[in-house]
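A structural walkthrough
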Number of protein chains: 2
Amino acid sequence: MSKFFSSKYKNLTPYTPGEQPKEREYIKLNTNESPFPPSPLAIKMANQESEKVYLYSDPNSTVLTNTVAEYYGVKPEQVIMTNGSDEVLNFAFMAYCDNQNKAVFADITYGFYKVFAEINNVPYKEIPLKDDFSLDIDAFIKEDGTLFIANPNAPTGICLSLLEIEKIVSSNTQRIVVIDEAYIDFGGQSAVKLVDKYDNLLVTQTFSKSRSMAGARLGFGIANAKLIFDLVNIKYSLNPYNVNRMTSGAGIGAIKDDKYFKDNINKIIQNREYTVCELEKLGFTVIDSKANFVFVKSDKISGKDLYLKLKEMGILVRHFEKPRIKDFNRITIGDKNQMVSLINQIKNIIGE
Amino acid sequence: MSKFFSSKYKNLTPYTPGEQPKEREYIKLNTNESPFPPSPLAIKMANQESEKVYLYSDPNSTVLTNTVAEYYGVKPEQVIMTNGSDEVLNFAFMAYCDNQNKAVFADITYGFYKVFAEINNVPYKEIPLKDDFSLDIDAFIKEDGTLFIANPNAPTGICLSLLEIEKIVSSNTQRIVVIDEAYIDFGGQSAVKLVDKYDNLLVTQTFSKSRSMAGARLGFGIANAKLIFDLVNIKYSLNPYNVNRMTSGAGIGAIKDDKYFKDNINKIIQNREYTVCELEKLGFTVIDSKANFVFVKSDKISGKDLYLKLKEMGILVRHFEKPRIKDFNRITIGDKNQMVSLINQIKNIIGE
C-alpha cells in the first residue's frame, strides 16, 4: 500500500477469488463455473461483434436488455445489465446502504458482501445462520437496514422457498431486500415474479454459472423501474459503457438458445444427484443443495486435508478457513467424468 | 429516483455520453472513436477466447498485463488493466481523494472527473483554463489535493509537453498527479517514462481511441508499483474479474500488431491536418490539437446551429452547452472520405 492511499480504506480486506493456478491442469471444481462451453449461438454472436468494437457499445445495452426483459416477463425499464453480477451488487450497496441504512447479511454467505460494505464505508451486520446452516428468517425480519440474501446461499447451497422470500420482503416494505440469485437456475424458485408486487425488492442474477459465461462477465438486476433508475444513475456515474459489445452479443445468444441452457441445467442436476448419492455412501455429510455445488464434510478427514490431498491428485475444490465451516469443502458440480474422478479420488484418500 | 436512494447522492448528475442514435445512419464524428476496425490479430484473438468464456478470466490479466508492461517498458507490477480507462480513473478517485485530499481539475476537461468526484462524495475544485484554453500550470501547482489532468485535454485537444508535465508532478511529490492520456498516441509525449522517477504519478490510457477498441472496454494505469498495489486492492474489492476473456485477447492482439496501430495513427494525423487546413480556409478558429479530434468555431454560424445543421445532413459532431465553449464543436477525425464529406457539408451550410 502506498503512503497516498486514502485512510478511509485502512481496514479494507479485498475479496479472495478462488485459485486459478497455471502451473498444471486441474479438474477445476473450485469456482462454480459451468463445465460446458457457452452456447454455439452465444459464441457466434460474440464473434460477430468483435470486428465492430471500434465503435462504443450501446450504453443502454438496448437489445440485450430487451431480450432479458422478454425472457423474464418484465419491462425493459425493470432491467439493468452489468459487468458481472458483482457490479450490480456493488451498485446496490452504493444506492441503498449508508450510515442510516446498514447492510445486513448472513455470517456464512457470499464473501463479497462484507467487502462491498467495507469498500463503500457503510456499517454492516452479520446474522448467524442457524446450526443447520439455514437462514434465520425471523432474525432478518427483525433487523433494520438493507438485506442481502444469496438464494440459494453460498457456500451451503441451501435455498429458501418463494414463500419464505416473500415473507421477508413483505415484512417491512420500507427497506430494500436484495436477493442474489447467482445459483437460482439449478433448482430454486426465482423471486423475479415478485418484483411487480414489491417495490423494495431487487433480484440479481448472473450469466456466469448456468449460462456458461463466467469469463465473459455479464450479470443483471431486475426490480421495480424506480429502483432500476437509481442503479442506472450509479452506472452512468461510474462506467456508462460497462458491458462490452462481445459480451452483449454472447448474452443475447445465450438467452435465445434456451434448449441448450435447459439441457445443461438438467445435466448439472443429474450430476449433483450422482455426487450427493456417492458422497453419502462414503459417509459424508452433504448439505441439501439447489446450486451447482455441494457443501460436504467427512468424519474421516478434515476439510483442509481433503482439499490438500485432492489438489495433490489434480482436483481443485474450495476450502474456507472460517472456523464455522472449516470442516467443509465446497465442490462444484462438473460433468459426469469429472464427478466420477472426484469420487474415485476421494475413495482413494479415505481408503475405501 | 426511488424513495430508497441514498441521500448521499441527492446532488448527483450522471455523465452524459455522446449520442448513439439508432434511427438513421450517421457519419459519426461525435464520440472520438476510431474510423478503423480493430487489428485483424485483435479480432482473431478475441474470437479464440469466446468459446472459453465458461471459465473465469484471469483476475490478474497476467498475459495482457505482461504484454502491456513489455510494450511500455515497465514491470508488470506497474500496470493495472481495467474495464475501460473510466474504471482506473474512478479507482484513482477512490484511492487518492477524500475529505483531506480534494480532486483538482480544469473547468474545461473530460466531463467525467466532476461526476467521479460527486459519486465518491469527495470535494473538488475546478481551475479555469486560460483564455486561450491552455492549462494554467501555475494555478495547478499551487493547489493542494490530487490533480487530474487530461493530456491532451478534451475537448480542446491541447497538449502539454513532457517538461510541463514533469514540472507539475515534481512541484509537490506529496500529492498524486493523474495524467489521463486517452489521446496521447495522436501526437503527444507520454508521461509513462516518468513513472520510475516519481512515485506520485499515475498515467492512464485506453484502447478505445488509437487501438480501435472503444466497444471492447479496455484501459490501464501505469505507475510506481505501490500505487498500482493500491488500485489493485480497490479492484479486488469491487470486481476482481473486471476484464473479460474476449477483451483481454483483443488487447493482446492489438498490442502485438504494432504496425497496424502506427499506420492508423499516421492516417488520423494526416486527416487531422487536412481537416484543420480546410476549416481554416473557411475562416474557422481551430485550436491546435494533438488528439483525434479538433475543437473549432466559426464567426459565421453558432456552435449549436452548426451542430444541428450537420446533424440534419447526417453528420454527428459534439456540441457542449457549457457557456465558455458553446460557440465550439468538437469534431472527431475519421477517415478521409468522412472528413471530405464534413468539409463539403460545412461549405454548403456557411454558403461558400
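Numbering of residues starts from 1 in every chain and runs along the sequence as written. Just so you know, chain letters begin at A and ligand numbers begin at 1, following the order they were written in. In keeping with the model being predicted, local features are shown solely for residues with a pLDDT of at least 70 and side-chain atom pairs are shown and tallied solely at 80 or more, while totals for entire chains, interfaces and linings include all residues. The basis for the side-chain values is all heavy atoms of the structure; hydrogens and waters are excluded.

1. Regarding the overall build of chain A
The following threshold applies: In this description a helix means any DSSP run of H or I spanning at least four residues, a strand means any run of E spanning at least two, and both kinds are numbered starting from the N terminus. Each radius of gyration is computed over the set of C-alpha atoms, and the globule rule expresses the reference value as 2.2 Å times the number of residues to the power 0.38. Only protein chains enter the accessibility calculation, which uses a 1.4 Å probe; a residue is then buried when its area is under 20% of its type maximum, exposed when over 50%, and partly exposed in between. The criterion used for residue contact is that any of the two residues' heavy atoms lie within 4.5 Å. Each accessible area value is a Shrake-Rupley result obtained with a 1.4 Å probe; residue values ignore everything except the protein chains displayed when judging cover. Under this rule, positive means Lys or Arg and negative means Asp or Glu; His and the chain ends count for nothing. A single reference atom marks each charge: NZ on Lys, CZ on Arg, CG on Asp, CD on Glu.
Counting its regular elements, chain A contains 11 helices and 12 strands. The C-alpha atoms of chain A give a radius of gyration of 20 Å, which matches the 20 Å a tight globule of 352 residues would have. When burial is assessed residue by residue, chain A has 63% of its 352 residues classed as buried. Of the contacts made within chain A by residues no fewer than 6 positions apart, 73% connect residues no fewer than 24 positions apart. A total accessible area of about 13100 Å² is found for chain A, and carbon and sulfur atoms account for 49% of it. Separation between the mean location of the 43 positive side-chain charges and that of the 43 negative ones in chain A comes to 2 Å.

2. Re the relation of the copies chain B and chain A
Filter applied, for reference: Least-squares superposition aligns the copies on the C-alpha atoms of those residues with pLDDT at or above 70 in both.
Superposition record for chain B on chain A: RMSD 0.0 Å, screw rotation 180°, translation along axis 0.0 Å. Put plainly, the chains are arranged around a two-fold axis. Judged by C-alpha distance, N47 of chain B is the residue of chain B that lies nearest the rotation axis, at 2.8 Å. Comparing interface residues between copies, 100% of those in chain B also lie at the interface in chain A; the contact surface is shared.

3. Some thoughts on the sheet that holds strand 12 (residues 329-332) of chain B
Within a sheet, neighbouring strands are paired by backbone hydrogen bonds and run either parallel or antiparallel to one another. Residues and elements named next belong to chain B. Heads up, the rule is: One bridge is not enough; two strands pair if DSSP finds at least two bridges between them.
One open sheet holds the three strands; their spatial order is 9-10-12, and the pairing between them is antiparallel. With partners counted over all chains shown, the strands left at the sheet margins are strand 9 (285-286) and strand 12, one partner each. In this sheet, strand 10 (residues 293-297) lies alongside strand 9 in antiparallel orientation, the contact comprising two bridges. Its bridge partner lying in strand 10, V286 is registered against V296.

4. As for the confidence of the model for chain A
So the rule is basically this: Here pLDDT means the predictor's own confidence in every residue, given as a number from 0 to 100.
Across chain A, the average pLDDT comes to 96, with 99% of residues at or above 70. Overall fold confidence (pTM) sits at 0.97, and the ipTM for the predicted complex is 0.96.

5. A closer look at the pattern of salt bridges
Our working rule: One side-chain nitrogen of Lys or Arg within 4 Å of one carboxyl oxygen of Asp or Glu is enough to make a salt bridge.
This structure, assessed with the given rule, holds 29 salt bridges over all chains. Between K197 of chain B and E166 of chain B there is a salt bridge, with the nearest N and O atoms lying 2.7 Å from each other. Note that K197 of chain B is positioned in the loop between strand 6 (177-180) and strand 7 (201-206) and E166 of chain B in helix 6 (residues 162-171), a separation of 31 residues in sequence. One continuous salt-bridge network, built from bridges that share partners, spans E49, K52 and R245 of chain A.

6. Quick word on the pairing of strand 10 of chain B
Residues and elements named next belong to chain B. In terms of burial, strand 10 is largely enclosed, as four of its five residues are buried. The turn joining strand 9 and strand 10, which pair antiparallel and follow one another in sequence, is formed by six residues. Taken together, the four bridges between strand 10 and strand 12 define a ladder with antiparallel strand orientation. If you follow V296 over to strand 12, its bridge partner there is N329.

7. Side note on the environment of L218 of chain A
Residue and element names in this part refer to chain A. Within the secondary structure layout, L218 lies in the loop between strand 7 (201-206) and strand 8 (219-223). Taking the C-alpha atoms as reference points, L218 and V243, separated by 25 residues in sequence, lie 7.4 Å from one another. The contact partners of L218, leaving out residues within four places of it in the chain, are L64, M81, T82, G84, S85, T206, F207, S208, M213, V243, T247 and G251.

8. Side note on the sheet that holds strand 3 (residues 103-106) of chain A
Residue and element names in this part refer to chain A. Put simply, the rule is: To define axes, lines are fitted to C-alpha atoms, for helices over the stretch in contact only, and angles between the resulting N-to-C directions are given on a 0 to 180 degree scale.
On the basis of which strands lie adjacent, the open sheet formed by seven strands has the order 2-8-7-6-5-3-4 and mixed pairing. Strands at the two margins of the open sheet, each flanked by one partner only, are strand 2 (79-82) and strand 4 (124-127). For this sheet, the mean inter-axis angle between neighbouring strands, taken without regard to orientation, is 20°. As defined by bridge partners, strand 7 adjoins strand 8 across five bridges and the pair is classed as antiparallel. Directly across from Q205, in strand 8, lies its bridge partner F220. Sitting on the sheet, helix 4 (residues 112-119) touches strand 3, strand 4, strand 5 (146-150) and strand 6 (177-180), and the angle it makes with strand 4 is about 165°. The sheet strands contacting helix 6 (residues 162-171) are strand 5, strand 6 and strand 7, and the helix crosses strand 6 at an angle near 155°.

9. Some details on the packing of helix 1 (residues 40-50) of chain B against helix 8 (residues 245-256) of chain B
Residue and element names in this part refer to chain B. What counts, and what does not: Our angle categories are set so that under 35 degrees counts as roughly parallel, over 145 as roughly antiparallel, 65 to 115 as roughly perpendicular, and the remainder as oblique. Left-handed describes a crossing in which the near helix is turned anticlockwise from the far one by less than a right angle; the clockwise case is right-handed. Three residue categories are used. Nonpolar comprises Ala, Val, Leu, Ile, Met, Phe, Trp, Tyr, Cys and Pro, charged comprises Asp, Glu, Lys and Arg, and polar comprises the others, including Gly.
Where helix 1 contacts helix 8, the axes come no closer than 7 Å and their chain directions differ by 155°. On the basis of their axis angle, the class for helix 1 and helix 8 is roughly antiparallel. The element helix 1 and its partner helix 8 pack so that their crossing is right-handed. Every residue of helix 8 that contacts helix 1 at L41, A42, M45, A46, E49 and S50 is listed here: R245, M246, G249, A250, I252, G253, A254 and K256. Of the residues belonging to the contact of helix 1 with helix 8, the class tally is eight nonpolar, three polar and three charged.

10. Looking at the packing of helix 3 (residues 85-96) of chain B against helix 4 (residues 112-119) of chain B
All names here are of chain B. At a minimum axis separation of 10 Å, helix 3 and helix 4 run at an interaxial angle of 45°. Put simply, helix 3 runs oblique to helix 4. The crossing of helix 3 and helix 4 is right-handed. Where helix 3 abuts helix 4, its residues D86, L89, N90 and F93 lie against F112, Y113, F116, A117 and I119. Of the residues that constitute the contact of helix 3 with helix 4, the class distribution is seven nonpolar, one polar and one charged.

11. Topic: the interface of chain B and chain A
In many reports, interface size means the accessible area that the parts give up when they come together. Which entries qualify depends on this criterion: Summed over both partners, the accessible surface that disappears when two parts come together, traced with a 1.4 Å probe, is what is meant by buried area. As used in this structure description, the phrase polar contact means that two N or O atoms lie within 3.5 Å; if the pair is within protein, one of them must be able to donate a hydrogen and the other to accept it, and residues adjacent in sequence are counted only when both atoms belong to side chains.
Opposite the 81 residues of chain B that make contact, chain A presents 81 residues. When chain B packs against chain A, the two sides together hide about 6500 Å² of surface, and 57% of this comes from carbon and sulfur. Together, F4, Y54 and Y56 of chain B form the three largest contributors to the area buried by chain B at its contact with chain A, with a combined 12%. For the interface between chain B and chain A, the tally reads zero salt bridges. In this assembly, chain B and chain A are joined by 32 residue pairs in polar contact (both at pLDDT 80 or more).

12. Section: the environment of A216 of chain B
Residue placement: A216 of chain B occurs in the loop between strand 7 and strand 8 (219-223). Considering only alpha carbons, one finds A216 of chain B and S61 of chain B, 155 residues apart in sequence, at a separation of 15 Å. Other than its neighbours up to four places away in sequence, A216 of chain B contacts V53, N244 and M246 of chain A together with T247 of chain B.

13. Structural notes on the pairing of strand 2 of chain A
Residue and element names in this part refer to chain A. Burial along strand 2 is two-sided: V79 and M81 facing one way and I80 and T82 facing the other are all buried. Sheet topology places strand 2 next to strand 8; four bridges connect them, and they run antiparallel. Bridged to T82 within strand 8 is G219.

14. Describing helix 1 of chain B
Stated formally: Note that the arc is computed from the directions linking the helix axis to the C-beta atoms.
When we look at burial in helix 1 of chain B, the residues that qualify are A42, I43, A46, E49 and S50 of chain B. Looking straight down helix 1 of chain B, one finds that the buried residues subtend no more than 125° of arc, so they occupy a single side. Packed against the buried residues of helix 1 of chain B are helix 1 (40-50) and helix 8 (245-256) of chain A together with helix 8 of chain B. The opening residue of helix 1 of chain B is S39 of chain B, an N-cap whose side-chain oxygen sits 2.9 Å from the backbone nitrogen of L41 of chain B.

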